[in-house]
Amino acid sequence: MTLLERLNIKHPILLAPMAGVSTPQLAAEVSNHGGLGSLGLGANSVAVARKQILETQALTPHPFQVNFFCHQSTEVDVKTNQTWIEHLRPEFEKFGTSPPTELKCIYPSFLDNDDFLNLVLETKPKAVSFHFGIPHAHQIQKLKDVGIMTLVSATNLAEAKMIEEAGIDILIAQGIEAGGHRGIFNPLLDGALNTSDLVQLIKKHCSVPVIAAGGIMNGQQAKKMLDLGADAVQLGTAFIQCKSSSANAVYRKALFAQPFTQITASISGRPARGLINHWQAEIDRPNRPQAAPYPYAYDLAKRLNTLAIKHDHIDYGAFWAGSNVAQIRELEAGDLINQLILEMD
């Protein structure tokens, strides 16, 4: 059975599950046009995640995936957090206020308990994907028991082998070109492989289906990945500009105005690729202290960005985008998929 048959989709195109940008409307549009829509639910509460899944199911009869974070939750590192708070104090003081005295763990992990698992078992989407790691064995088995397909992102061969050994159905080969947070298990071990090399490496050593992700903006690039052995491709940045995404007007404008991206760990505590702004240009200096761990750093960055926006400063946002953002096109989801298919022929 081919990957398309297993996922019950017409085209080998998946929407990347972008937390904070994905919406039920965007997911449904992609699914309704023959791709696999997605919901990035890792930053949501169980209640909000349930609402989004049910809304998507009401908008499309076709399959879609939901995505959660599988990062290793850590105890609060008060010393590192406090050092990072003090390092960013001058940024807060620019706007006439002081930074918070402590940071919160704003994003739970799928691994912490079975609340998100039970939600998936209750709502039964076609597929569930995971970022930053692999679910527990009992979680994978329960998903398999009800026929829900599982996907996990890999950024190097070691991660890919672990994913296959865990019994995951599909591998997402996520290259260095990808926008936002790649699914690195351990940020200290970033192989920085480009997507085409990663696809070939995984296809050589693993037998599960492989989805190429990272830097794919048009059909020619997608076809190249399929020719290298990928079973499908996953695009994120190309879809952010769609009216049905939740990206704000400033983000949308920046996607078309700023062609350069850079990876930074200062915003969230994990490396992520985004449009170059104040974070990469001014905060990522060689002598900066270690950032607070993920997601504590993200808590601080979001507070700083909220404060800056109130003072009409937009240079503190996390405008995640892939390395080929300069090739972005203003197309709605259905039109973009149709254009991709034409270009892939």
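First, a word on scope: everything that follows refers to the structure included in this document. (Residues numbered from 1 in each chain as written. Predicted model: local features only at pLDDT ≥ 70, side-chain atom pairs only at ≥ 80, totals over all residues. Heavy atoms only, no water.)

Taking strand neighbours across the sheet as the criterion, the three strands line up as β7-β11-β10 in an open arrangement whose pairing is antiparallel. Single-partner strands in this sheet number two, and they are β7 (180–181) and β10 (261–264). The pairing of β10 with strand β11 (residues 272–275) spans four bridges and is classified as antiparallel. The residue bridging Gln262 from the neighbouring strand is Gly274, located in β11. (Pairing = 2+ DSSP bridges. Helix = DSSP H or I, 4+ residues; strand = E, 2+ residues; numbered from the N terminus.)

Within the element layout of this structure, Thr123 appears in helix α6 (residues 115–123). Owing to a relative accessible area of 9%, Thr123 belongs among the buried residues under this scheme. Engagement of the side chain of Thr123 in a polar contact is seen with the backbone oxygen of Leu119, the distance being 2.8 Å. With sequence-adjacent residues up to four places away left out, Thr123 is seen in contact with Ile53, Leu54 and Gln57. (Buried < 20%, exposed > 50% of the residue type's maximum accessible area, 1.4 Å probe, protein only. Polar contact = N/O pair within 3.5 Å; in protein donor to acceptor, adjacent residues only side chain to side chain. Contact = heavy atoms within 4.5 Å.)

Note that Ser245 resides in the loop between α11 (237–240) and α12 (249–257). Looking at Ser245, the relative accessible area reads 6%, which means it is buried. Contact partners of Ser245, with chain neighbours within four places excluded, come to Val21, Thr23, Leu26, Phe239, Ile240 and Arg252.

In terms of burial, strand β5 (residues 149–154) is largely enclosed, as six of its six residues are buried. In β5, alternate side chains face the same way, and those of Met149, Leu151 and Ser153 on one face and Thr150, Val152 and Ala154 on the other are all buried. Traced from strand β4 (residues 127–131) through helix α7 (residues 137–145) to β5, the parallel crossover comes out right-handed. Pairing of β5 with strand β6 (residues 170–174) involves four bridges; the strand directions are parallel. The residue of β6 that forms the bridge with Ser153 is Ile172. Crossover β5 to β6 through helix α8 (residues 157–165) is right-handed. (Right-handed = clockwise from strand over helix to strand, strands pointing away.)

Aromatic rings in a pair are described by how distant their centres are and how their planes are angled relative to each other. In the structure shown here, the tally under the stated rule is twelve aromatic pairs. Measuring from centroid to centroid gives 5.8 Å for Phe69 and Tyr107, while their planes differ by 50°, and the two rings are tilted. Note that Phe69 is positioned in strand β3 (residues 64–69) and Tyr107 in the loop between α5 (89–93) and α6, a separation of 38 residues in sequence. Take Phe69 and Tyr107: they sit in the same class, and that class is buried. Ring centres 5.4 Å apart and planes at 45° place the aromatic pair Phe69 and Phe132 in the tilted group. Of the two residues, Phe69 sits in strand β3 while Phe132 sits in the loop between β4 and α7, which places them 63 residues apart along the sequence. Residue classification places Phe69 among the buried residues on the basis of a relative accessible area of 9%. A relative accessible area of 3% means that Phe132 is categorised as buried. One cation-aromatic arrangement involves Arg270 over Phe132; the distance from NZ or CZ to the ring centre is 4.1 Å. In this structure, Lys302 is placed above the aromatic ring of Tyr298, and the distance from its NZ or CZ to the ring centre is 4.4 Å. (Phe/Tyr/Trp six-rings, centres within 6.5 Å; stacked < 30°, edge-to-face > 60°. Lys NZ or Arg CZ within 6 Å of the ring centre and 35° of its normal.)

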